[in-house]
Amino acid sequence: MTTSPASGPGVVSPDRVVLRAAVSAYLGRYRGDSRLHAESDLRVYLTWCTNQVDPLSVARRDIERYVRWLQDVRRFQPSTVSRRLSVVVGFYRVCVIDGILPHSPADYVRRPTVSPESPTLGLGHLQFEALITTARQSANPNDFALIAMLGLLGLRIFEACGANIGDLGEEHGHRVLRVRGKGGKVVLVPLPPAVARAVDRAVDGRIDGPILRNAIGARMDRHAATRRLKHLAAAAGIRMPRMHPHMLRHTFVTTMLDAGVSLRDVQIAARHADPRTTMRYDRARKNLDRHPNYILAAYMASGT
């Protein structure tokens, strides 16, 4: 973690010691990938502070200058700026809790307006069907399992790539996969028959190791997964400006809602803490075919 320079060769200033302790206390609240992401975002802020201001002596106006730097110089999307600002806000909140600062300089920093619609595009119904068909017919057994885990289970890419054969099991008569999600939370995700067949094909009789493997038989990572997805999309005739694994999570949410699943159930399936996040993933919320007026009219058909 980058901090302010020491006061001399081989000397660690008291301010730097305090800052290191504050950073450790904040990151100690996270585990796994969540910790890595928080550390990455906080490092960006502390690096910016190096030539600007002491992180433990900042004022609100300094943090707002950092926000403008993210927007105007780095040209990040509002959602990215908001996420990185949230890390800064959390860091200073811990500093107040631990008595390092009397108050948080980030309390009244203006947050950027985040659009209710996510900029990430999902696949249309026919595109999704074409991708599933292409993956199922692929000679690489990992392709069908990858698309099924991302698009039919709604897993995040790190969850799919991190899944092991030992995470497969049964619960109350259902085939399930134990998934380690954000913050180290573990959930059991049921496997529909098509997904179970895809996973079994990728496992191919092995008793341990990763479910998804790359070309050399090692664990598939997000980069290999993205390459496979782009290859499958091209083979399926799907023309998208930028294919990436998270598009299938958006597709998972939109397709579920199109199929008539309630927002609450989709929120649970996607493991979103806030239903507004689920709505941001829905790329067809303005689709009049599923407008609730039709459901009400059908329900009241006897009187109308």
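The model shown is predicted, which means the values in this text are computed figures rather than measured ones. (Residues numbered from 1 in each chain as written. Predicted model: local features only at pLDDT ≥ 70, side-chain atom pairs only at ≥ 80, totals over all residues. Heavy atoms only, no water.)

**Some points on the nonpolar core**
Here is the rule: Buried Ala, Val, Leu, Ile, Met, Phe, Trp, Tyr and Cys residues that are joined via side-chain atoms within 4.5 Å together make up what is termed a nonpolar core. For every residue, the accessible area (1.4 Å probe, protein chains only) is compared with the maximum for its type, and the residue is labelled buried under 20%, exposed over 50%, or partly exposed between those bounds. Numbering of helices and strands starts at the N terminus; helices are DSSP runs of H or I of at least 4 residues and strands are runs of E of at least 2.
The biggest cluster of nonpolar side chains holds 42 residues, and the ones touching the most others in it are Met149 and Ile211. Those elements giving two or more residues to this core turn out to be helix H5 (125-137), helix H6 (141-152), helix H7 (157-162), strand S2 (174-180), helix H8 (193-203), helix H9 (222-235) and helix H10 (246-258). Of the residues forming this core, the biggest block, seven residues, is contributed by H6. Listed in part, the 31 residues of the second largest apolar core include Leu19, Leu42, Val88 and Phe91.

**Focus on helix H3 (residues 60-72)**
Here is the rule we go by: Any helix carries an expected span of 1.5 Å times its number of residues minus one. Two residues qualify as a contact provided that any one of their heavy atoms is within 4.5 Å of a heavy atom in the partner residue.
Taking 1.5 Å of rise per residue, the 13 residues of H3 would be expected to cover 18 Å, and the 18 Å separating its terminal C-alpha atoms lies within 8% of that figure. Buried residues of H3: Asp62, Ile63, Glu64, Tyr66, Val67 and Leu70, and no others. Packing partners of the buried residues in H3 comprise helix H2 (32-50) and helix H4 (78-97).

**A few points about the pairing of strand S3 (residues 186-190)**
Rules: We treat two strands as partners when DSSP finds at least two bridges between them.
In the sheet, S2 pairs with S3 via five bridges, with the strands oriented antiparallel. If you follow Arg180 over to S3, its bridge partner there is Val186.

**What about the packing of aromatic side chains?**
Using the following cut-off: For this analysis, a ring pair means two rings from Phe, Tyr or Trp (six-membered ring only for Trp) whose centres lie within 6.5 Å, classed as stacked if their planes differ by under 30 degrees, edge-to-face if by over 60, and tilted for the remaining angles. Both a distance and an angle decide whether a charge sits over a ring: NZ of Lys or CZ of Arg must be within 6 Å of the ring centre and within 35 degrees of the ring normal.
Applying the stated rule across the entire model yields eight aromatic pairs. Each ring, one from Tyr26 and one from Tyr30, has its centre 5.4 Å from the other, and the planes form 70 degrees; the classification is edge-to-face. For Tyr26, a relative accessible area of 2% translates into the label buried. What makes Tyr30 partly exposed here is its relative accessible area of 30%. Cluster of aromatic residues (ring-pair linked, three or more members): Tyr26, Tyr30, Tyr45, Trp48, Tyr66, Trp69, Phe91 and Tyr92. Residue placement shows Arg136 over the ring face of Phe144; its charged tip is 5.9 Å from the ring centre.

**Regarding the sheet that holds S2**
Each strand in a sheet pairs with its neighbour through backbone hydrogen bonds, running either in the same direction (parallel) or in the opposite one (antiparallel). What counts, and what does not: Note on geometry: axes are C-alpha line fits, over the in-contact stretch for helices, and angles between N-to-C directions span 0 to 180 degrees.
Reading across from one edge, S1-S2-S3 is the order of the three strands in this open sheet, with antiparallel pairing throughout. A strand with exactly one partner marks an edge of an open sheet, and here the two such strands are strand S1 (168-171) and S3. Going from strand to strand, the sheet's axes swing by 45 degrees on average, the running direction of each strand aside.

**As for the packing of H5 against H9**
What counts is decided by this rule: Working definition: roughly parallel below 35 degrees, roughly antiparallel above 145 degrees, roughly perpendicular at 65 to 115 degrees, and oblique for all remaining angles.
Between H5 and H9, the shortest axis-to-axis distance is 9 Å and the interhelical angle comes to 110 degrees. Between H5 and H9, the crossing angle belongs to the class labelled roughly perpendicular. Contacts between H5 and H9 pair Leu131, Thr134 and Ala135 from the former with Leu229, Leu232, Ala233 and Ala235 from the latter.

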